[in-house]
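Here is what each chain is made of, one letter per residue.
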Amino acid sequence: GHPFTPGRGTAYRIGDLTNPNLKPWAKEVMKKDTDEIDAGKIAFQPSSSCVPAGIPNMLSSPAPLIILQTPREVVMIKEGGNEIRHIYLDVPHSANPKPSWTGESVGRYEGDTLVVDTIGFNTKTVLDVYRTPHTEKLHVMERWHTVDGGKGLEYTVTVDDPDTFYQTWTTRVRDQRGKEPFLEEICAESNFNFGLFDFHMPVATKPDF
């Protein structure tokens, strides 16, 4: 009933609760979120609380991304400084990786394609701009390679979480090599002048002076 309109800042992307791939608990979480937004709440965005967006949601952000390639690892850094991802090359996963915001990523090159396998996620993140939840069983596979003579980057993401989805799903994204400088940006918790709600931001109970 409230279509998303880019640039307005007053409407948010709402998940399709008729999606047959979503398991009931996930639909319940998303319906509660949608009902709160319809009632006037601001849709949660990781940047509003300076927390990592997680994988693959980190890749959907419009903020610039720098990719540093070394013989032993690939490091991805999003503009803003609070999103840094390490992908360790040609090593196995840990036996019991400790759950974390971006999980444990290991990778290998297949020709000119970087293949990344990520497990070990906590449940503090969402998968996308529709705020789709997931469990610690989340498993993400990615394939990265350049296109258009190096002017573009294409990555294919396959998501598997048997406790959230009935089937794995895959999406493909293309980005362009940026020309603008990678700027220093300090993340500050903010309510965007709309209201604090429950985004875990500190609130003073009395004036400082």
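For every chain, the first residue of the written sequence is number 1, and numbering continues from 1 along that sequence. The model is predicted, so local features are restricted to residues of pLDDT at least 70 and side-chain atom pairs to those at 80 or more, both for listing and for counting; the totals for chains, interfaces and linings are taken over all residues. The side-chain values count all of the structure's non-hydrogen atoms but skip hydrogen atoms and water molecules.

K.L.:
Is there a simple way to think about the packing of aromatic side chains in this case?
P.N.:
Any pair of aromatic rings gets described here by the distance separating the centres and the angle formed by the planes. Each Phe, Tyr or Trp ring (for Trp, its six-membered ring) is paired with any other whose centre lies within 6.5 Å, and the angle between the two planes then decides the class: stacked below 30 degrees, edge-to-face above 60, tilted in between. In the structure shown here, the tally under the stated rule is two aromatic pairs. A ring pair is formed by Trp144 and Tyr155, whose centres lie 4.4 Å apart and whose planes are at 25°; its orientation type is stacked. In this pair, Trp144 is assigned in strand β6 (residues 139-147) and Tyr155 in strand β7 (residues 152-160), connecting sequence segments eleven residues apart. An identical accessibility class is assigned to Trp144 and Tyr155; each is buried. Geometrically, the ring pair formed by Phe165 and Trp169 is edge-to-face, given 5.9 Å between the ring centres and 80° between the ring planes. Starting at the N terminus, helices and strands are each numbered in turn, a helix being any DSSP run of H or I of at least four residues and a strand any DSSP run of E of at least two. Throughout this description, buried means an accessible area under 20% of the type-specific maximum (1.4 Å probe, protein chains only), exposed means over 50%, and partly exposed covers the range between.

K.L.:
Explain the pattern of salt bridges to me, please; I cannot follow it from the model alone.
P.N.:
Proximity of charged atoms lets side chains of opposite charge pair with each other. Any carboxyl oxygen of Asp or Glu within 4 Å of a side-chain nitrogen of Lys or Arg constitutes a salt bridge here. Applying the stated criterion across every chain yields a total of nine salt bridges. Two residues, Glu36 and Lys32, come together in a salt bridge whose shortest N-O distance is 2.8 Å. Pair noted here: Glu36 and Lys32 are both in helix α1 (residues 24-38), with a separation of four residues, about one helical turn. Between Lys41 and Glu36 there is a salt bridge; the shortest N-O distance is 3.1 Å. Overall, Lys41 belongs to the buried group, its relative accessible area being 15%. Judged by relative accessible area, which is 25%, Glu36 ranks as partly exposed. Taken together, the shared-partner salt bridges connect Lys32, Glu36 and Lys41 into one network.

The values are spatial; any link to function lies outside them.
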